[in-house]
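The residues making up each chain are set out below.
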Protein chains: 2
Amino acid sequence: MATSLKELAASLGLSQTTVSRALNGYPEVGEKTRRRVLEAAERANYRASTAARRLATGRANALGLVFSTERNILERPIVMDFLTGVSETAAREGLDIVLTPTRAGEEADACMRLATSGLVDALVLTSPILDEVRTSGIADLAFPIVAHGRPLHGQSVPYLSIDNFGGFKRGAQHLIELGHRRIGLVNGEARQAYAQDRTEGLGAALDEAGIARAQNLIRYGPLTFTLGYQSTLSILDEPQPPTALLASSVLVALGAMKALAERGLRVPQDMSIVAHDDEVAAFPPSMATPQLTTLNSSIRAAGARIAEMALERIASGGAPVASEVWPVPLTIRGSTAEALD
Amino acid sequence: MATSLKELAASLGLSQTTVSRALNGYPEVGEKTRRRVLEAAERANYRASTAARRLATGRANALGLVFSTERNILERPIVMDFLTGVSETAAREGLDIVLTPTRAGEEADACMRLATSGLVDALVLTSPILDEVRTSGIADLAFPIVAHGRPLHGQSVPYLSIDNFGGFKRGAQHLIELGHRRIGLVNGEARQAYAQDRTEGLGAALDEAGIARAQNLIRYGPLTFTLGYQSTLSILDEPQPPTALLASSVLVALGAMKALAERGLRVPQDMSIVAHDDEVAAFPPSMATPQLTTLNSSIRAAGARIAEMALERIASGGAPVASEVWPVPLTIRGSTAEALD
DNA sequence: CTGAAAGCGCTTACAG
DNA sequence: CTGAAAGCGCTTACAG
């Protein structure tokens, strides 16, 4: 066992009270006393038991994340970048992160457990998990929660989301300005809020340009290389194939480019591509040839900010914080060009 | 605040002792009593405070991982797959995972804190972090640690590693059998044990075939797309460029293929490629055209097994468990062919 | 500036 | 089969 406060205090001939105060930086401790305590603690390699501290203070100094072992296993690079962002804030604030791995369908239980067990001070959830959990009564707990992404069912949970609608509308407008009138979209899973918003963004841009929406040029699925590849092949088989493609991730765009290459179509001469770029370190748009025109948002920055929002909720005693919707700028590179026909 | 044991016991007219025993499945509780308790707990949404339980039992029911915010940010897909594996075991055993984000150089501190604070029952470390930490005296703590990868400095920590030497020797032999005599290698960072083992594996295969080792055909760096791209360009500029390439990851191989395409070299006709495949979900070898011949090992399975090893150490009261070295099979696909010259 | 004592919410010998 | 009580290792009013 590691040394305890009691032992440390005894070895110094001081009370636990004084030693505790010295260690925690309370002002009412004498300077020499503090120094003595700090040195002894250092020497004895003393570390306060977090369990005891939690029990005594009621504060856990940790953020909880619920992480599904099965769900979205193919989107892990994104999860990891998000986690990195959360970690940055956590490291700065000296917080731990408690990951609760769960099987699909058990998310609600895991959230309830984290919220009621005192393990963590706040919960950071992705909106799909929040949607999963909404009937569990976790909202009644008045436990601080912050979500990543717009919750589908309008829960009153503060969230941070990028402007998926505005971003994809902007991306589509860029293509329309280049003369494209048939625009395909390889999107995320249809039930996800972000995917719906992206479809609507494309639709709005088409509406404003007086172009009919073409549902048959849209595909949905998990954001993988394979989705990009297969969806593109299938879109190319439509009676009126598009001359431009919107891809919901760089990985999807890479899959699309493989399909285009197989069909002998060149980018951007025969097909323009705009990809959403989450700025995931593993998939820089420079991986593609030509480099991709992208809609940008840093998933990592979002994670860092969400952790801050959680801290604000904790600090304010659980008062709601304002949700944020981040703009999604367009970066034009080499994968978009004027339409030929 | 959530309901406490005390309140729950009072509402049932039972003692805390009995309620606690009923909840924890102790045998000496009457059947009807147990049922009553379980129902009441369910209704009150009771969850034992983990902090209190930890303090009382001394067991944390959690695994600690130290995770560097800055280091290897480009290898996140791998970290995430490893984490997924750890999570699988953790979910099955009902453990939490405590991630301690740290800045580079602060790993030792983070490990000591985790080990001495009672937050976790065991530590799962990657060998680079273990190497970082070896002077901190953490080994003296008799705290259960299990490492991923062979520790460089021969610490007596149980570890799980794949057979990097044997795998790359096998990969090189495959190329030699196809008639290749000049084999390039784009490897991980030179100071890492796995990278050294891979270089030695290639060297051993060359030695056995009576071919001189060519240091100038080897490059080291972080396992990124960019490394594969730039290293390959630079290897091609050597006076005697290779006819085959060993790549330390699929991502690196993708970068290499971009470089080859730019130089007008075809795979496998002009250049054979064998890539190490960590079976990271984000980078299936099918992403490449042609599909890559690979050396396979599942980083996810390794994570799951390492968590089990940690549990075995905990269960045995900290006794060391046997280290494991996993074989690395070769899967031949379309990126290797006979040498022309 | 320092200390004695209560309390955080559990578990678990010990006694019955 | 059930309960009263001690103890896990801290923090923090309260008193001096």
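If you're wondering where the values come from, they're calculated on a predicted model, not measured in any experiment.

Asker: How do you make sense of the relation of the copies chain A and chain B when you look at a structure like this?
Answerer: Each copy of the chain is related to the other by a rotation around an axis and a translation along that axis. When chain A is fitted onto chain B, the two copies agree to an RMSD of 0.0 Å after a turn of 180° and an axial shift of 0.0 Å. The operation mapping one copy onto its partner corresponds to a two-fold rotation axis. A shared interface surface links the copies, since 100% of the contact residues of chain A are contact residues in chain B too.

Asker: Any chance you could explain the side chain of Arg 313 of chain A here in plain terms?
Answerer: All names here are of chain A. By secondary structure assignment, the location of Arg 313 is in helix 12 (residues 299-315). For the buried residue Arg 313, which engages in no salt bridge, the nearest side chain bearing the opposite charge is Glu 312, 9.0 Å off. Once residues lying within four places of it in the same chain are set aside, the contact partners of Arg 313 are Pro 144, Ile 145, Val 146, Pro 158, Gly 318, Ala 319, Pro 320 and Val 321.

Asker: In this structure, what is going on with the protein's contact with DNA strand D? I would like to understand it.
Answerer: By nearness alone, 27 residues border DNA strand D, and Leu 5, Ser 20 and Tyr 26 of chain A together with Thr 17 and Arg 21 of chain B come closest of all. Among atoms of DNA strand D positioned within 4 Å of the protein, sugar and phosphate together represent 56%. Measuring from a phosphate oxygen of DNA strand D, one finds a side-chain N or O atom of Asn 24 of chain A at 3.2 Å. Secondary-structure elements contributing two or more residues to the surface near DNA strand D are helix 2 (16-23) and helix 4 (50-57) of chain A together with helix 2 (16-23) and helix 4 (50-57) of chain B. Ranked by residue count, the leading element in the surface near DNA strand D is helix 4 of chain A, at five residues. Its residues assigned to classes, the surface near DNA strand D shows 11 nonpolar, 12 polar and four charged.

Asker: Looking at this structure, how should I read the interface of chain A and chain B?
Answerer: Where interface size is quoted, it is often the accessible area lost as the parts come together. Across the contact, 53 residues belong to chain A and 53 residues belong to chain B. Of the roughly 4700 Å² buried between chain A and chain B on both sides combined, carbon and sulfur atoms contribute 62%. Joining chain A to chain B, the criterion identifies two salt bridges. A salt bridge links Asp 96 of chain B to Arg 113 of chain A; its shortest N-O distance comes to 2.8 Å.

Asker: Any chance you could explain the protein's contact with DNA strand C here in plain terms?
Answerer: If you check the shell around DNA strand C, you find 27 residues, and the closest are Thr 17 and Arg 21 of chain A together with Leu 5, Ser 20 and Tyr 26 of chain B. In DNA strand C, atoms within 4 Å of the protein come 57% from sugar and phosphate. Note that a phosphate oxygen of DNA strand C is positioned 2.7 Å from one of the backbone N or O atoms of Leu 5 of chain B. Of all elements in the fold, only helix 2 and helix 4 of chain A together with helix 2 and helix 4 of chain B reach the threshold of two or more residues within the surface near DNA strand C. If you tally residues by element for the surface near DNA strand C, the top one is helix 4 of chain B, at five residues. Taken together, the residues of the surface near DNA strand C break down into 11 nonpolar, 12 polar and four charged.

Asker: Hey, could you run me through the sheet that holds strand 7 (residues 218-220) of chain A in this one?
Answerer: Within a sheet, each strand pairs with its neighbour through backbone hydrogen bonds, oriented either parallel or antiparallel. All names here are of chain A. In space, the six strands of this open sheet follow the order 7-6-8-9-10-12, with mixed pairing throughout. Strands at the two margins of the open sheet, each flanked by one partner only, are strand 7 and strand 12 (330-331). Strand direction decides the pairing type here: strand 10 (residues 293-296) and strand 12, joined by two bridges, are antiparallel. Bridge pairing in strand 12 links Leu 295 to Leu 330. Here helix 8 (residues 164-177) sits on the sheet and contacts strand 6 (183-187), strand 8 (244-247), strand 9 (272-277), strand 10 and strand 12; the angle it forms with strand 8, its principal contact strand, is near 165°. The strands that helix 10 (residues 225-236) touches are strand 6, strand 7 and strand 8; relative to strand 6, the one it contacts most, it runs at about 150°.

Asker: Got a minute to help me understand the UniProt feature "domain: HTH lacI-type" (unreviewed entry) in chain A in this structure?
Answerer: Here the UniProt feature "domain: HTH lacI-type" (unreviewed entry) sits at residues 3-57 of chain A. Across residues 3-57 of chain A, helical content stands at 69% and strand content at 0%; the span's end C-alpha atoms are separated by 20 Å.

Asker: What am I meant to see in the sheet that holds strand 12 (residues 330-331) of chain B here?
Answerer: Residue and element names in this part refer to chain B. Read across the sheet, six strands follow the order 7-6-8-9-10-12 without closing on themselves; strand pairing throughout is mixed. The strands lining the two open edges of the sheet, one partner per strand, are strand 7 (218-220) and strand 12. Here strand 9 (residues 272-277) runs beside strand 10 (residues 293-296); their pairing, made up of four bridges, is parallel. Bridge pairing in strand 10 places Val 274 opposite Thr 293. Against the sheet, helix 10 (residues 225-236) makes contact with strand 6 (183-187), strand 7 and strand 8 (244-247), and its axis sits at roughly 150° relative to strand 6, the strand it touches most.

Asker: What exactly am I supposed to notice about the side chain of Ser 231 of chain B here?
Answerer: Residue and element names in this part refer to chain B. Tracing the chain through its elements places Ser 231 in helix 10. With a relative accessible area of 7%, Ser 231 lands in the buried category. Excluding residues within four positions of it along the chain, Ser 231 makes contact with Val 186, Arg 219 and Thr 226.

Asker: Looking at this model, I keep getting lost on helix 12 of chain A. Mind explaining?
Answerer: Residue pairs three or four apart in sequence face the same way in an α-helix, which turns once every 3.6 residues. Residue and element names in this part refer to chain A. If you check helix 12, its first and last C-alpha atoms are 24 Å apart, about what 17 residues at 1.5 Å a residue would give, namely 24 Å. Within helix 12, 12 of the 17 residues are buried, leaving the element largely enclosed by the surrounding structure. Trailing helix 12 by a residue or two, Gly 317 shows a phi angle of about 70°, which is positive.

Asker: Would you take a moment to explain the pairing of strand 8 of chain B for this structure?
Answerer: Side chains on a regular strand alternate between the two faces of the sheet. Residue and element names in this part refer to chain B. The alternating pattern of strand 8 places Ala 244 and Leu 246 on one face and Leu 245 and Ala 247 on the opposite face, and all of these are buried. Bridge analysis of strand 6 against strand 8 gives four bridges, and the strand direction is parallel. Bridge pairing links Val 186 to Ala 247 in strand 8.

Asker: Teacher, can you tell me more about the pairing of strand 4 (residues 145-148) of chain B here?
Answerer: Residue and element names in this part refer to chain B. Burial along strand 4 is two-sided: Ile 145 and Ala 147 and Val 146 and His 148, pointing in opposite directions, are all buried. Of the pairings in the sheet, the one linking strand 3 (residues 122-126) to strand 4 comprises four bridges and is parallel in character. Looking at the pairing, Leu 123 lines up with Ile 145 of strand 4. In this fold, the crossover linking strand 3 to strand 4 by way of helix 7 (residues 127-133) has right-handed handedness. Pairing of strand 4 with strand 5 (residues 159-162) involves two bridges; the strand directions are parallel. Its bridge partner being in strand 5, Ala 147 is matched across the sheet by Tyr 159.

Asker: Which parts of the structure should I look at to understand the nonpolar core?
Answerer: As a rule of thumb, soluble globular proteins bury nonpolar side chains together. In terms of nonpolar packing, the biggest core is built from 102 residues, with Leu 63, Ile 273 and Phe 283 of chain A together with Leu 63, Ile 273 and Phe 283 of chain B touching the most fellow members. Apart from the residues within four sequence positions on either side, Phe 283 of chain A is in contact with Pro 77, Val 250, Leu 251 and Asp 277 of chain A together with Ala 282 and Phe 283 of chain B. In terms of nonpolar packing, the next biggest core, distinct from the first, is built from 42 residues, Ala 62 and Leu 114 of chain A together with Ala 62 and Val 133 of chain B among them.

Asker: Explain the domain arrangement of chain A to me, please; I cannot follow it from the model alone.
Answerer: Segmentation of chain A into domains returns domain 1 (3-55), domain 2 (60-160 + 299-324) and domain 3 (162-296). Centre-to-centre, using C-alpha coordinates, domain 1 of chain A lies 60 Å away from domain 3 of chain A.

Asker: What's the story with unusual backbone geometry in this structure? I'm lost.
Answerer: With the exception of glycine, the majority of residues adopt a negative phi angle, and the majority of peptide bonds are in the trans configuration. With omega at 0°, the peptide bond leading from Thr 289 of chain A into Pro 290 of chain A counts as cis. Its location among the elements puts Pro 290 of chain A in the loop between strand 9 and strand 10. Omega for the peptide link from Val 267 of chain B to Pro 268 of chain B comes to 5°, which places this bond in the cis form. Of note, Pro 268 of chain B is situated in the loop between helix 11 (250-262) and strand 9. Residue Asn 45 of chain B is not a glycine yet carries a positive backbone phi of 60°. The topology assignment puts Asn 45 of chain B in the loop between helix 3 (31-44) and helix 4. A relative accessible area of 31% means that Asn 45 of chain B is categorised as partly exposed. Phi is positive for Glu 279 of chain B, which is not a glycine, with a value near 55°.

What counts and what doesn't
Residues numbered from 1 in each chain as written. Chains lettered and ligands numbered in written order. Predicted model: local features only at pLDDT ≥ 70, side-chain atom pairs only at ≥ 80, totals over all residues. Heavy atoms only, no water. Least-squares fit on C-alpha atoms with pLDDT ≥ 70 in both. Contact = heavy atoms within 4.5 Å. Helix = DSSP H or I, 4+ residues; strand = E, 2+ residues; numbered from the N terminus. Buried < 20%, exposed > 50% of the residue type's maximum accessible area, 1.4 Å probe, protein only. Lys, Arg positive; Asp, Glu negative; His and termini not counted. Salt bridge = Lys/Arg side-chain N within 4 Å of Asp/Glu carboxyl O. Near = heavy atom within 4 Å. Polar contact = N/O pair within 3.5 Å; in protein donor to acceptor, adjacent residues only side chain to side chain. Nonpolar A, V, L, I, M, F, W, Y, C, P; charged D, E, K, R; others polar. Buried area = accessible area lost by both parts, 1.4 Å probe. Pairing = 2+ DSSP bridges. Axes fitted to C-alpha atoms, helices over the stretch in contact; angles between N-to-C directions. UniProt positions renumbered as here; feature names shortened; annotations may be inferred. Expected span 1.5 Å × (residues − 1). Right-handed = clockwise from strand over helix to strand, strands pointing away. Core = buried A, V, L, I, M, F, W, Y, C linked by side-chain atoms within 4.5 Å. Domains from an automatic or database assignment.

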